[in-house]
Amino acid sequence: MTRTDVASGVVRSSLPGVPEIDRLVFQTPDCFRLPREQISQLRPRLIREAVRFHRDSCPEYGSFLGQLGFDPDDIADERDLDRVPQFPASVYKRRPVTSTPPAEVVQTFHSSGTSGRLSSVPRDEATLQRLLGSIRAGLEMLEPLTGEGDPEDNVVLLNLGPPRSAAGSLWFSYVMTLVEILAPTHHYGTAATVRYAEAADDLAGVLAAGKRAGVIGSPLAVRRLAEYCLANNRTVAGGDAVFVMTGGGWKQPTGEELSRIELDTLLMKAFGVHDASQLRDAFNQVEMNSVLLECEQRRKHLPPWLYAVTRDPRDLAPLPRGAAGLLSFVDPTAGSFPCFVLSDDIGVVHEPGCPCGRTTETVEITRRVRRSQELGCALQTERLQAERQLADLLEADPGPRGSG
Amino acid sequence: MTAPTGVPVAVPLLDGAFVRRILDQDRHILAGVPLQEIVSFLDRVGRLWKSQEFARRRIYVRQLQQLAGLSAKMAETEADIIGVVLTSHARMYDIIAADLGSARVLDDWVPREECHVRALPRGLAVHLLSGNVPIASVMSIVRGLVTKNLCVVKPATGDLVTPVNLALSFLEVDEAHPVTRALTVAYWPQGHPGGELVTRSADAVCVWGGAGAVSWARGAARPDAGFVAFGPKRSVALVGPGADTGLVASALAHDICHYDQRGCFSVQQVFVDRASVGRLVERLEQALDEYARILPTGRWSIDDVGSVTLARSEERFLGAEVRSAEGLDWTVVVCPPEPIWFHPLGRTVYVHPVESLSECYGFIGPEVQTVAVAPWECSLAHRDALARLGVSRIVEVGLSNVFRPGGPHDGVYPLQQLVRFVAHESPASVYGKSLVARLDQTEIIRGGRYTDLML
């Protein structure tokens, strides 16, 4: 669809222009190293546009802005971003909140929480593509780990989760499968189990073949693989040919947080890893549309489009950089839902200045806020889980009446 | 370890030698002690606790503030309640009678139909406590002692101070008294093998707390051990037409503010006759303000504070009417009825306007312990339905924390799990109601007269 300007001879496309957010996500190499001034200018622009869009497309968010008397046009520069109205991510556990017609929703994803209700977040094609774009943009941080040459030929990823076909609507599993864009990937998980023995075999096999291996999984799954290797005399001398990428919650089945230092020690012992910089973590949640990857300094970098601020738990007032508080995000890459969320993670947003040389802020996630639901709702949770199990059972084995 | 207030605390851990001492103790040290002697000893200790000059009480009040985060007024009130519980001897006898049928059954054989029955201690009773309501620790220990069990008490990290100070006050009164010797307080962290061994060796286990704690204790307890579990539960209130909104608001504020809503009995949701909502909420705000003065909130952790703030923000986004103190003293959320999955506690109450109180039925199940009702007549109209739905107690608004003698606790009479009933049954010469002749079974079989003689 083009037309030619007769006078100038210039050929012009009549296709809609590529939005600025997409140019940044998909077409800006080294976007984590943009000059600070450039980030300061483009972030407010992108976020203003996103707030306007969701005000007009999402009735709940529009009404919220109306209540607060907030006008997106009041976002003039970066200092105004703290004022963008945010709401707790837990809202997605209670109501469908969307900015897109149902017909455009490619899939509604769910959180993997076991503590009661799950978040449901609808995503359209553009939103999913931008998620993928955010991962692709961040993968440059892993380059030292994948070695020289094409990762397609030199690297094998061992994902301790299910393949995409089995991930269903579970957001964590889906996101973990996206590592496929980096290198050939083997999957070892189902919804309920992980084949650790097979993963341990393959890890040794990949290294024996002279390739690099990346172990991908939740902190708990990765720990269990390491424990399996140690208990069964299957440790490997990975040196610099093994790296580990964790994602998802750090909570153990006991409810206690896994210690990263202890996990590092365990992984170094089991996989013979030389340096802690080969053990990286990533942060994302179903209510967010960008993935925060760690650089070689093991610091989680914000992409240049994403704004993060910690807030005072007492009144949600923004806190200065470096102060611990409730983490909150303004993510303009989500088109199908307003991604202006107060998370229930406690953490710190650090000023740019990471020794790695990237120019964006870094985020440190300390832990989840312990909300009191357990005190009163454990039985409701039990019932909900029983209902889910029954639904699964009926789907797997509906019985003669069900199938007839 | 770190107390909920962030203060570091050194707590001796259970070690192998301590486990051995616990397991080697005479499990029946109190079996021969008359109930009146146990009650009398508790009364002696309790009278000291009633005095604000009692040194142990002063230490306790200070530690409750420093380590458990209670306000000064809450801590003093808690110490007062300990004094009242330990000295309420008449009430103890009533509770024992209600639970076991008779208080005398703990000391002697008591006739019951065609038997004489006696209640003997189970032996070693392990109490796994929760830290949300300090007085619950005292209740658990008193229950264990009046049933003459050897008690091993594991405090929760949320309240390390109540069981320890109670035990120390026993020691200070009489270190050689069998009641003192029958009480051990020991801490062990989750997964500690010594703690697991003690629990597995217990003849009775009494667990308070969340679903995880209860499930663990259920798995660890011996199959033949007595088992009592309290929690997790939540509580609600119903306010029907014709209530005096001023009085009800004040009573509701009490049920919301006591223990900053950490009790199972603390009211979290109120279903209110729609016509009264406006007036009630207005008066409730005033009452909650008053409670902020007369019973100030405790010191809250960042998690407590964050939970309340996030809940306020969530409700505002979803269009609820959120009223609150300027700070975090209280929050009232007026919204249509719905299940509250993430109740933030911290004196937050969800007020649901309803056309009929029966609309609450869809939001009530066995996880609800207490339903506080006003006006009282409404309780008569709804008690059958509420009982069928699974609630444990129906009380008047303002009395949610008062457990009247005669009432069960979370659906059971707990003392029954802490004793072992033994029957001394009547001899053949006693005809009993089922016979009109001597009970000679051989003769009955010979004559083929089973159906004639046995009823």
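Rules used in this analysis
Starting afresh in each chain, residues are numbered from 1 along the sequence in its written order. By the order in which they are written, chains take letters starting at A while ligands take numbers starting at 1. Only residues with pLDDT of at least 70 are given local features in this predicted model, and only at 80 or more are side-chain atom pairs given and counted; all residues enter the totals for whole chains, interfaces and linings. Note: side-chain values were computed over all heavy atoms of the structure, leaving out hydrogens and water. Two strands pair if DSSP finds at least two bridges between them. By the criteria applied, helices consist of DSSP H or I runs no shorter than four residues and strands consist of E runs no shorter than two, each listed in order from the N terminus. Axis definition: a line fitted to C-alpha atoms, over the contacting stretch in the case of helices. Angles run 0 to 180 degrees between N-to-C directions. A 1.4 Å probe rolled over the protein chains alone gives each residue an accessible area, and that area as a share of the maximum for its type sets the label: buried under 20%, exposed over 50%, partly exposed in between. Of all possible arcs, the one meant is that of the directions from the helix axis to the C-beta atoms. Whether two residues are in contact is decided by their heavy atoms: any pair within 4.5 Å suffices. Salt-bridge detection follows one rule: a side-chain nitrogen of Lys or Arg within 4 Å of a carboxyl oxygen of Asp or Glu.

(A) The arrangement of the sheet that holds strand S15 (residues 419-425) of chain B in detail. Residues and elements named next belong to chain B. Across the sheet, which stays open at both edges, the three strands sit in the order S1-S2-S15 with antiparallel pairing between neighbours. Single-partner strands in this sheet number two, and they are strand S1 (110-112) and S15. Averaged over neighbouring strand pairs, the angle between their axes works out to 40 degrees when direction is ignored. The sheet contact formed by strand S2 (residues 115-121) and S15 spans seven bridges and is antiparallel.

(B) Local environment of helix H3 (residues 59-68) of chain A. Turning to H3(A), its buried residues number three or more, namely Tyr61(A), Gly62(A), Phe64(A) and Leu65(A). Taken down its axis, H3(A) places every buried residue within 160 degrees of arc, on the same side. Seen from the open side of H3(A), the exposed residues pointing more than 90 degrees away from its buried face are Pro59(A) and Gly66(A). As for H3(A), its buried residues are in contact with helix H2 (36-57), strand S3 (87-88) and strand S15 (340-350) of chain A together with helix H13 (302-317) of chain B. Positive backbone phi, at 65 degrees, marks Gly69(A), one or two positions downstream of H3(A).

(C) A look at the sheet that holds strand S7 (residues 185-187) of chain A. All names here are of chain A. Taken together, six strands build an open sheet; the order of strands is S7-S6-S8-S9-S10-S11 and the sheet is mixed. Each edge of the sheet is formed by a strand with only one pairing partner; in this case those strands are S7 and strand S11 (292-293). Where strand S10 (residues 279-283) and S11 come together, two bridges link them in antiparallel fashion. In the sheet register, Ala282 faces S11, and the bridge partner there is Leu293. The strands that helix H11 (residues 260-271) touches are strand S8 (212-217), strand S9 (242-247) and S10; relative to S10, the one it contacts most, it runs at about 135 degrees.

(D) A look at the pattern of salt bridges. Applying the stated criterion to the full structure yields 51 salt bridges over all chains. When the shortest N-O distance is used, the salt bridge between Arg55(A) and Asp71(A) registers 4.0 Å. Here Arg55(A) is found in helix H2, whereas its partner Asp71(A) is found in the loop between H3 and S3, with 16 residues between them in sequence. A relative accessible area of 32% places Asp71(A) in the partly exposed class. A salt bridge links Arg262(B) to Asp304(B); its shortest N-O distance comes to 2.9 Å. Of this pair, Arg262(B) sits in the loop between helix H11 (245-257) and strand S9 (267-273) while Asp304(B) sits in helix H13, placing them 42 residues apart in sequence. Sharing partners across several salt bridges, the network here consists of Arg36(A), Arg43(A), Glu78(A), Arg321(A), Glu351(A) and Glu361(A).

(E) How the structure looks around unusual backbone geometry. Cis rather than trans, the peptide bond between Gly231(B) and Pro232(B) has omega equal to -5 degrees. Residue placement: Pro232(B) occurs in the loop between strand S7 (226-230) and strand S8 (234-239). The amide bond that connects Ala374(B) to the next residue, Pro375(B), takes the cis arrangement and shows omega of -15 degrees. Position of Pro375(B) among the secondary structure elements: in the loop between strand S13 (368-374) and helix H14 (376-389). One non-glycine residue, Asp30(A), adopts positive backbone phi at about 55 degrees. Here Asp30(A) lies in the loop between helix H1 (20-27) and H2. Notably, Leu345(B) is not glycine yet its phi reads approximately 60 degrees, a positive angle.

Note that all results are geometric; they support no functional claim without further evidence.
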